[in-house]
Amino acid sequence: MNIGLYRAIYALIFFPLIFLFGLPFVVFIRILRPFYLIRVGVINNEIFGHFTFEPEYYLSKKVKSKTVSLDLFFFYSIKSVNKQWVKMVKRNIHVNLFVRYIYKVNNLFPGGEIHVVDIVDSGSRDTNNVFHEVNQQIKLLSDEELYAEECLKEFGFKKDDKFVCIISRDNAYKDKINPKKNWSYHNYRDSNIDNYKDAALQLADMGYFVFRIGSIVEKEFDVDHDKVIDYSSSNVKSDLLDIYLVSKCTFLLVGESGISSLAMSFRVPIVFVNLSAIEYIFTFNTNIISIAKKMWLRKEERYLGFDEIFKKGIGRFLSSQNYEELGIDLIENTPEEITDVAMEMHECLSGTWRTTMEEEVLQSKFWSLLPKSELHGYPILARIGSSYLKKYQNLL
């Protein structure tokens, strides 16, 4: 059957039922509005980054603003990307399938905007620095943590062991969950997991367990060390462990992957490497350190400077085709660069990091080049990797 015809028949049959069901509730919440505000909204549960960021951001922002309202939500899709996160969201937010019908009917009538709560208004970016000021709202239960810790004993891991999580984005996840869609426009975000091996080894030698995470990956993370665990290729993977590992790690070492949103929701320190769309750099917390891919301009055989990247809008490119059209090759961070910034985070968290005047001048110079925009909250709280800035100060 033609898709358009199918949708027309569906609308003809079901819309009157939706209207009849939703209308009394819409009338009720509008009559009640002078006394108590009831709002309805939708949660995007299809995309991991959005799903793990937006509910926590909504709750934290509501705490900060001291908004008084009863908010009711529905999940956008029947299928969620992580069942454990569904449980955790439902413990903190009123979610019900029938809210969908109230939402649809409410939007048919003028004046319904006040009854809609838009939790995606931030674009999954903490531009109000909310997470820096408000404690985490969505949490694991103690019995869930105990079960996760029991599962991880298979790797020799004990509850009090410190550990780091590593993830490098590749095509495998998107291709698996939606094979009919061409995801090549996202290839600019990919990076080679092998370039993370040196950092993993050094962290393991320092006593950390290192878990390579990611529910679906292209290739194994083969590192010869008892404390470096390729969790992604193991047989103990679960939605609960995916959440637990990120929530409890000392820090997350990540390329451009949506799982960083989960780390932000748990207020976990993050080391971002291999950033491409650098104007979208996360600036919202003091526990974020980032380094970026370099951009090689093939025609002129040179690297683009940061000022040039920002002024020409290249820092906002979100498609592989954008870079190709300008003849730009994205050059990944080297194993040494990744290791250096991981060690910087380790030292920052352990209280041994000492910065120099030269390093602070370079930090200030970089941030002065970043355009002020809706993408960032102010003041800027994050840092660029110090060794990286010294190495490429000619690009400032």
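Rules used in this analysis
- Residues numbered from 1 in each chain as written.
- Predicted model: local features only at pLDDT ≥ 70, side-chain atom pairs only at ≥ 80, totals over all residues.
- Heavy atoms only, no water.
- Phe/Tyr/Trp six-rings, centres within 6.5 Å; stacked < 30°, edge-to-face > 60°.
- Buried < 20%, exposed > 50% of the residue type's maximum accessible area, 1.4 Å probe, protein only.
- Axes fitted to C-alpha atoms, helices over the stretch in contact; angles between N-to-C directions.
- Helix = DSSP H or I, 4+ residues; strand = E, 2+ residues; numbered from the N terminus.
- Parallel < 35°, antiparallel > 145°, perpendicular 65-115°, else oblique.
- Left-handed = near helix turned anticlockwise from the far one by under 90°.
- Contact = heavy atoms within 4.5 Å.
- Nonpolar A, V, L, I, M, F, W, Y, C, P; charged D, E, K, R; others polar.
- Polar contact = N/O pair within 3.5 Å; in protein donor to acceptor, adjacent residues only side chain to side chain.

Colleague: Hey, could you run me through the packing of aromatic side chains in this one?
Modeller: Two descriptors summarise a pair of aromatic rings, namely the distance from one centre to the other and the angle between the planes of the rings. For the structure shown, the criterion picks out 24 aromatic pairs. Between F209 and F211, the aromatic rings sit 6.2 Å apart at their centres with planes inclined by 20 degrees, giving stacked as the arrangement. Taking relative accessible area as the criterion, F209 reaches 4% and is therefore assigned buried. Residue classification places F211 among the buried positions, given a relative accessible area of 0%. Where Y388 meets Y392, the ring centres are 5.2 Å apart and the plane angle is 65 degrees; that geometry is what we call edge-to-face.

Colleague: When you look at the packing of helix α2 (residues 48-65) against helix α3 (residues 83-90) in this model, what are you seeing that I'm missing?
Modeller: Between two packed helices, what matters for the description is the angle formed by their axes and the separation of those axes. In the contact formed by α2 and α3, the axes pass within 11 Å of each other and the chain directions differ by 15 degrees. When the axes of α2 and α3 are compared, the pair comes out roughly parallel. As for how α2 packs across α3, the hand of that crossing is left-handed. Across the interface between the two elements, F51, T52 and P55 from α2 touch W85, V86 and V89 from α3. Its residues assigned to classes, the contact of α2 with α3 shows five nonpolar, one polar and no charged.

Colleague: So what exactly am I meant to see when it comes to the environment of Y323 here?
Modeller: Looking at where Y323 falls in the secondary structure, it is placed in helix α12 (residues 320-325). The exposure class of Y323 is buried, given its relative accessible area of 2%. Linking Y323 and S276, residues 47 residues apart in sequence, is a C-alpha distance of 9.9 Å. Sequence-distant contacts of Y323, defined by excluding residues within four places in its chain, comprise Y188, S276, A277, M295, I314, F317, I328 and L330. From its side chain, Y323 meets the backbone oxygen of F317 in a polar contact 3.0 Å long.

Function-wise, these values are silent; they only describe arrangement.
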